[in-house]
Amino acid sequence: MLLPAIFNVPQIPSHSIPYLLPASPSPQNKKISKLPKTSTNYRTTSCFVSVSNSISSQQLEDYPFSGQNPGCNFSSKSVLIEQLEDPSLVGSWIQSCSNVKEVRRIHSIVIKGYERSVVYVDNNLISMYIRFGKLKEARNVFDKMSERNVVSWTAVFNGYLKVGVDDDEVLRLFTEFVVQGGRGNCQTFVCILNLCCRRFDFELGRQIHACIVKGNWSNVIVDSAVVYFYAQFGDLSGGFRVFDRMQERDVVCWTTMISACAQHGHGKKAILLFSRMLSEGFRPNEFTVCSVLKACGEEQELLFGRQLHGVVVKKMIKNDVFIGTSLLGMYVKCEEVHDARRIFNGMRRRNMVTWTSMISGYAQSGLGEDAIKLFRVMKRRHICVNNLTVVSILQACGSVGASKTGKEVHAQILKNSIENNIFIGSTLVWFYCKFGEYGYAAKVLQLMPDRDVVAWTAIISGCVHLGHGVEALQFLKQMLLEGVEPNQFTYTSVLKACAKIDDVLQGKWIHSSVNKTKTLPDVFVGSALIDMYSKCGHVSEAIQVFNSMPEKNFVSWKSMVIGYARNGQCNEALQLMYRMKAEGFEVDNYIKTTVISACGDIDWDLEFDQCIEL
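Residues numbered from 1 in each chain as written. Predicted model: local features only at pLDDT ≥ 70, side-chain atom pairs only at ≥ 80, totals over all residues. Heavy atoms only, no water.

The chain is annotated in an unreviewed UniProt entry as Pentacotripeptide-repeat region of PRORP domain-containing protein from Papaver somniferum.

Quick look at the structure:
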């Protein structure tokens, strides 16, 4: 896939790209018009406000804006009282505060100056306290308000979400707001949708969306929040329904949809959506490009990724540490590890994710020595590691036989008390099985407080690899007793164990368990069943599995052909070789050699010519 012409910049001088300097403001830069200010939420005139005469001279002297703010030029207590009669002016003083100490001083004057609370003034106090992170004081103002409007409630909702201390309290307050007959505005809906994302409350979010539709509250900010809500829950169809109906979109909304597609395994959709975004004249930001680079890596779209790299080189996108790390990750996933290293070497700034991505890339590409060298450089520079770094370096050690280095990493894991991490524990089990140290692997598994299917499968496959078929089946029983559901990799491993110890009864029990799950159609499980039945001498069951498989790969055909040959059914083996060749699978030398050695007493030349030479 190629970038659209609007972004195909390597052949075009940057000054000739029209969308870089749009003639008119782009949609993402437009400001949404504010709601009309009413008498209830903006200002309360002097006929509704009773100003107290209890302000002290000391408070007047301590007032922070005396002689500084042109909007509050007063030289006496009477002037201050006169200005307090205009709540909009008091609100502007509050908004002008540069620190929480000034807000508190004005707050004290407001308390002394008004006999009863003024909604507009209190709303400004709440907002400023929240801006400076003083949620408790903001809530104190809110609780003492004799009258509240939608701005008051929304400001408190936003404060709790901003501080992130008590999502349950936000939900309780919102319930109270609804019970009292409150009607939300755009900002209220955005706050509550964010709350739904944080609480993983999909049903409430859908109800809020219904309120937005019924109340015709649709605008670019609200619609973007709805799109983000559906995207967070992986409901791409719901997100696209809202996105496609939007009359106006901005870069944030486009990026939200592109990121959702990339994060939920729809890389091709993300790339197509990005191309559509460019064709409609929107200029992407760094977050958009990072998401598209992730999609390019997942979908192996190396050409498209290289074009985006060219855009970054042309400085059309800000090249920061996140863009550099995304480029590096894209090249790693496309198995271009040397290009990834060039990106790594050229980065002025690197973070922990950058180093980890490069180490992981080396480990996944079989370049374990390079991964270990880079890890040592990372440690010398005192760069913190995360769990993925540890997992990657253990994988690298296992792939190149660096047992000593892996054990040193294990010692660091114990020192830093991160051995309870389920991913690290599973990788340690795999690592020790790789070196034949079954005892250490079993001990690591035993000490893990939580064991998932990955950890159990690691020890089971490790036992099979080391020839401990009986132990592998025992671990399977323990796994089932703990209520962990096996996956296709678990079943494949235990079926290999049954084949090794010639235990067809256990194999049939596992086959019946597979039939009760959705795992049976998996081509690898089917191939393992064929291999198990063939090695145990039950060829009729093997061919039943083979014929029932909706999809067959080379391993399936190979297992069945060799199963026939090793059980003395040479004609069937030769016929299946013919079918295999007809289906477009290559009959390799291993299959030919096995069949020849097993079926040497038949007229091989004639049968082979008929079955193989098409």
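Before going further, it helps to spend a moment on the UniProt feature "repeat: PPR" (unreviewed entry) in the chain. The positions UniProt marks with the feature "repeat: PPR" (unreviewed entry) are residues 118-152, 250-284, 351-385, 452-486, 522-552 and 553-587. Annotation note: span residues 351-385, helix share 74%, strand share 0%, distance between end C-alpha atoms 10 Å. Taken end to end, residues 553-587 comprises 74% helix and 0% strand; its first and last C-alpha atoms sit 12 Å apart. (UniProt positions renumbered as here; feature names shortened; annotations may be inferred. Helix = DSSP H or I, 4+ residues; strand = E, 2+ residues; numbered from the N terminus.)

This paragraph deals with the layout of surface pockets. Each pocket or cavity is described by its volume, and for the second largest pocket that value is around 490 Å³. Along the walls of the second largest pocket sit 23 residues, with Thr325, Gly329, Lys333, Val353 and Ser357 positioned nearest its centre. Residue assignment for the lining of the second largest pocket shows that the elements contributing at least two residues are helix H13 (251-263), helix H15 (286-298), helix H17 (321-333), helix H19 (352-364) and helix H21 (387-400). Broken down by class, the residue content of the lining of the second largest pocket amounts to eight nonpolar, 13 polar and two charged. (1 Å grid on protein atoms, 1.4 Å probe; cavity = no way out; pocket = protein on both sides within 12 Å on 5 of 7 lines; lining within 4 Å. Points joined across faces, edges and corners; volume = space filled by probe spheres on them. Nonpolar A, V, L, I, M, F, W, Y, C, P; charged D, E, K, R; others polar.)

You can see His107 is positioned in helix H4 (residues 100-113). Overall, His107 belongs to the buried group, its relative accessible area being 15%. Apart from the residues lying within four places of it in its own chain, the contact partners of His107 are Leu125, Tyr129 and Val141. (Buried < 20%, exposed > 50% of the residue type's maximum accessible area, 1.4 Å probe, protein only. Contact = heavy atoms within 4.5 Å.)

It is worth spelling out the nonpolar core at this point. Counting residues in each nonpolar core, the largest one holds 178 residues, and the members touching the most others are Ile126, Phe157, Phe243, Ile459, Ile510, Met532 and Met560. When residues of this core are assigned to their parent elements, the largest contribution, nine residues, is made by helix H9 (residues 186-199). Contact partners of Phe157, with chain neighbours within four places excluded, come to Val170, Leu173, Phe174, Phe177, Thr188, Cys191 and Ile192. (Core = buried A, V, L, I, M, F, W, Y, C linked by side-chain atoms within 4.5 Å.)

Pairs can form between side chains of opposite charge whenever their charged atoms are close. Counted by the stated rule, this structure contains 21 salt bridges. Salt-bridge contacts for Glu176 lead to Arg172; the nearest nitrogen and oxygen are separated by 3.4 Å. With Glu176 and Arg172 both in helix H8 (residues 167-179), this residue pair falls four residues apart, about one helical turn. Residue classification places Glu176 among the partly exposed positions, given a relative accessible area of 25%. The residue Arg276 makes a salt bridge to Glu280 at a minimum N-O spacing of 3.6 Å. (Salt bridge = Lys/Arg side-chain N within 4 Å of Asp/Glu carboxyl O.)

Excluding glycine, a negative phi dihedral is what most residues carry, and trans is how most peptide bonds are arranged. Of note, Phe200 is a non-glycine position whose phi angle comes to about 55°, a positive value. Inspection of the secondary structure assignment puts Phe200 in the loop between H9 and helix H10 (202-214). Within the chain, Gln300 stands out as a residue other than glycine whose phi angle is a positive 60°. Tracing the backbone through its elements, the reader meets Gln300 in the loop between H15 and helix H16 (302-313). Taking relative accessible area as the criterion, Gln300 reaches 44% and is therefore assigned partly exposed.

Moving on: the packing of helix H30 (residues 539-548) against helix H31 (residues 554-566). Interaxial distance between H30 and H31 falls to 11 Å at its minimum, and their mutual angle equals 160°. Judged by the angle between their axes, H30 and H31 are roughly antiparallel. The interaxial crossing formed by H30 with H31 has left-handed handedness. Within the contact between the two elements, H30 uses Val539, Ala542, Ile543 and Phe546 and H31 uses Ser556, Trp557, Met560, Gly563 and Tyr564. Across the contact of H30 with H31, the residue classes tally to seven nonpolar, two polar and no charged. (Axes fitted to C-alpha atoms, helices over the stretch in contact; angles between N-to-C directions. Parallel < 35°, antiparallel > 145°, perpendicular 65-115°, else oblique. Left-handed = near helix turned anticlockwise from the far one by under 90°.)

A few words on the environment of Pro486. Considering the arrangement of structural elements, one finds Pro486 in the loop between helix H26 (469-481) and helix H27 (488-501). Taking the C-alpha atoms as reference points, Pro486 and Thr457, separated by 29 residues in sequence, lie 8.0 Å from one another. With sequence-adjacent residues up to four places away left out, Pro486 is seen in contact with Val453, Leu476, Met479, Leu480 and Tyr491.

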